[in-house]
Structure formats: structure tokens, C-alpha cells
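Understanding the architecture of this molecule
Here is how the chains run, residue by residue.
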Amino acid sequence: MSEIKPVSISYSDFKAGKDFTEEVSEAFGANGLGLIVVRDFPDFQKERQAALRAIRKFADLPEETKEKYTDSKSNYSVGWSHGKEKMRNGVPDTAKGSYYANPLGDVITDDQYLKENFPELYADNIWPGEDLPELEPAFKNMTQVQLGVGYMICELFDRYLHSKTNGLHPAGHFLEMLRRGTTCKGRLLHYFPAPPTASKSQDGLCGWHLDHGGITILTCPLYLDLHSNEIPAPSDCGLHIKHPTDGSIVKVTLPPDCMLVQLGESFQYLSGGHLRATAHCVKSSQTPDITRETLALFMDWMPEEVMKLPEYTRPYSEVVHTPFLPEGVPELEGRIKGAKHYRDFAKNTFTAYYSEK
């Protein structure tokens, strides 16, 4: 395993109108890591600290209290989720707990048909107002910052594809699609202290997977001791990527004042394979008295968006192929098959990861 410095871009340069064609190609092309770092974004450390410390406090609540904020009908895609997600070989992922909510609105539809048939996308937010009221505003404040970063990166994707396809890709197409989306999902993540029997594998905290949505915006993790004091990031854990050129495992480190943006499988598909997602995991630390907190924002399309390849697409076999796909990770081709709309693909993906295997 090696550590690699990912492609990074400056927010200031973006505002100044710099051309990032080379950076987008290097980061998201066939040989890229499927991610890019955004640096010097206007200060957001207050929001980051508040959100990440809130999920630590929630995770420390009694089990019966946390259980009040779970929702099995949505496949645990709103509220608290712990030990419900199936990762490697169908084994429940108990290393982390998640708190999910939509940053765009607590109620995004009153349509009962949609709520009953696609609860993963349309379920109302759940907030622990009685037991931890600070979690809701902390979550909403930080995700608003992440939304801005996401729109910025999507604008760069549109510019890149418009140039690469000699104008076949309409200017602003994906940014417009993403702005129409109402089913974004924020995920506050708490990684529990490693037990004595903790896995020493590369994916000991969060199993190998690919994000299925549009783009994912991640904060730098916050590491805390058992007394909630911030500590330096351990050297033996963090985000790891399967390199698409040779299958090697590379570690990616993110500075506290930066955000990281990863591509999702649906974006790979809708771009005709010109932009690529990669398999990734979070490796556990063997230190038993620390926790890891972070916040991932998954920016998605409208559920009724048609999953259609563009006219400039690469061959289908290339579009749906993920090089060096880890064992146990469901293939994109199987989940995209028969999915006319994005909501169908999302439901297929939730089923593949959460259903009994």
C-alpha cells in the first residue's frame, strides 16, 4: 500500500475562471482516482467541528435512545443506522454508525405513493430534537457549504465534457440536472473505537464499495479520544482507493481545510464512461481508544431522471465496467439493468447492499 497525493484545485482559481481541463482529466479519466480535492474554500471549520462533534455525541447516547431515530421502512436511509448495511460477503457493517438526512428539506414530497414505493429517496427527515437538538442545525449548516462545493465541481465537469466532445455535451447540462435534484442525502458518520478483535484488513472500518449517486463531498475526518479531545490522524487508517490501472491500494489524505469530491456510478453512466468512479473503503486503526467522525454529502439527480447514455458514449462494456472490483461489491451492470429511471437504479443499489445475502 502506498500514499498518494490526489489532484487538487483552488477555489480562488475557480472563482477567477481558470481552466481545469487537465485536472479533471487526470482526476476522473480512465486512469484517475475518481476524486479531487478542493482547497482554500472560505473558512468552514466552525461548521465542520459542530457537525462532527454532534455525531460523536449522538453515537454515545444509550442504544434505546438511538433506536428511536431509526427507520426500517426506508432501508435505514433516514435517521440512525448501525449494523444494518451489508458490506463484504454480506457481513453486517458494525464498525460505523450513520445519521442520514436530506439537506434540501425535511419533507420533499406529500405524494404517498412515492413515499411508500421509494422510501429510500422520499422518506421525511428524522431529527433527535428531544435528545440532541444541536445535531439538526449543525448538520444543515455544514451541508449547505458542501452543496456549494458540489455545484462548483459539476460546473467543471460540464465544461470538460463540452470541450472533450466538441460540443456534443450541452453546456451546463449536468449542473442543471443536479440543481433539479431534491433527493440529496447527507450522512454523518461515526466510526466506533476498534475492539480487540478488530479486522486488520484494508476495509476494516467501511467495506469496499462505490458511491452510486452523482457526486459525493467529504469533509476531512475528525479524530477524537474517549474524552472527546481532538487528536492527530493515526497513520494506519483512512480512505483507501483501488487504483484503476493496476488494482493497487493507495491511501488518500485530506487536510482539515479542504474538501474531497468523489464521483458516483450514476455520473459515470450518464457521462458515457468519460468520467469514472472508483472502489474505495476506510481502513481501520488498531488503536482501541479513538473514534473517527466525518460527513459525506451525496448529491443526486431527480428520481425520475432517465438513465440514458449520451450520444458521445464510450462502448457499453467500458461504461459499466469497474476495473479491479473488490470481491463482494455488486457490479454496476447488474444494478443498472432494467433501471429506466434513477430511482430504479437507486432502489436496486440499496437492495444489493442492504438485503440479506
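Now for a quick tour of the structure.

Reading the values: the criteria
Residues numbered from 1 in each chain as written. Predicted model: local features only at pLDDT ≥ 70, side-chain atom pairs only at ≥ 80, totals over all residues. Heavy atoms only, no water. Axes fitted to C-alpha atoms, helices over the stretch in contact; angles between N-to-C directions. Helix = DSSP H or I, 4+ residues; strand = E, 2+ residues; numbered from the N terminus. Parallel < 35°, antiparallel > 145°, perpendicular 65-115°, else oblique. Contact = heavy atoms within 4.5 Å. Buried < 20%, exposed > 50% of the residue type's maximum accessible area, 1.4 Å probe, protein only. Pairing = 2+ DSSP bridges. Polar contact = N/O pair within 3.5 Å; in protein donor to acceptor, adjacent residues only side chain to side chain. Nonpolar A, V, L, I, M, F, W, Y, C, P; charged D, E, K, R; others polar. Phe/Tyr/Trp six-rings, centres within 6.5 Å; stacked < 30°, edge-to-face > 60°. Lys NZ or Arg CZ within 6 Å of the ring centre and 35° of its normal.

As a further point, take the packing of helix α2 (residues 21–28) against helix α7 (residues 135–164). Two elements in contact, α2 and α7, have axes separated by 10 Å at closest approach and are oriented at 95°. Judged on the interaxial angle alone, α7 and α2 are roughly perpendicular. Of the residues in α7, those in contact with T21, V24, S25 and F28 of α2 are L156, F157 and Y160.

So, about the pairing of strand β11 (residues 249–252). With burial as the criterion, each face of β11 is covered, one bearing I249 and K251 and the other bearing V250 and V252. Bridge analysis of strand β1 (residues 2–4) against β11 gives 3 bridges, and the strand direction is parallel. Paired with S2 across the bridge in β11 is V250. The pairing of strand β10 (residues 238–242) with β11 spans 4 bridges and is classified as antiparallel. What sits directly across from L239, in β11, is V252. What sits between β10 and β11 in their antiparallel hairpin is a turn of 6 residues, with G247 showing a positive phi close to 75°.

This paragraph deals with the environment of E293. Here E293 shows up in strand β14 (residues 290–299). The class of E293 is buried, set by a relative accessible area of 0%. Counting along the chain gives 197 residues from E293 to K96, while the straight-line C-alpha distance between them is 9.5 Å. Setting aside chain neighbours within four positions, we find E293 in contact with L52, I55, R56, L189, H190, C220, P221, L222 and L224. At 2.5 Å, the side chain of E293 and the side chain of T291 are in polar contact.

Turning next to the side chain of H169. Residue placement: H169 occurs in the loop between α7 and α8 (173–180). Setting aside residues no more than four positions away along its own chain, H169 makes contact with D158, L161, H162, F174 and Y312.

This part covers the packing of α7 against α8. Between two packed helices, both the angle of their axes relative to each other and the distance between the axes serve to describe the pair. Close contact between α7 and α8 brings their axes to 7 Å; oriented N to C, the two are set at 150°. With respect to their mutual orientation, α7 and α8 come out roughly antiparallel. Together, G150, Y151, C154, E155, D158 and L161 of α7 and H173, F174, L175, L178 and R179 of α8 make up the contact between the two elements. A per-class count over the contact of α7 with α8 returns 6 nonpolar, 2 polar and 3 charged.

This brings us to the packing of aromatic side chains. Counted under the stated rule, the structure contains 13 aromatic pairs. Here F28 and F157 contribute two aromatic rings whose centre-to-centre distance is 4.9 Å and whose plane-to-plane angle is 85°, an arrangement assigned as edge-to-face. Note that F28 is positioned in helix α2 and F157 in helix α7, a separation of 129 residues in sequence. Side by side, F28 and F157 carry an identical accessibility label, which is buried. On the basis of an interplanar angle of 55° and a centroid distance of 4.7 Å, the ring pair of F174 and F267 is categorised as tilted. Note that F174 is positioned in helix α8 and F267 in helix α9 (residues 265–270), a separation of 93 residues in sequence. For the pair F174 and F267, a shared accessibility class is recorded, and that class is buried. For the cation-ring pair, K242 lies above W208, with the distance from its terminal atom to the ring centre recorded as 5.7 Å. Directly above the aromatic system of Y191 lies the positively charged group of R292, at a separation of 5.0 Å from the ring centroid.

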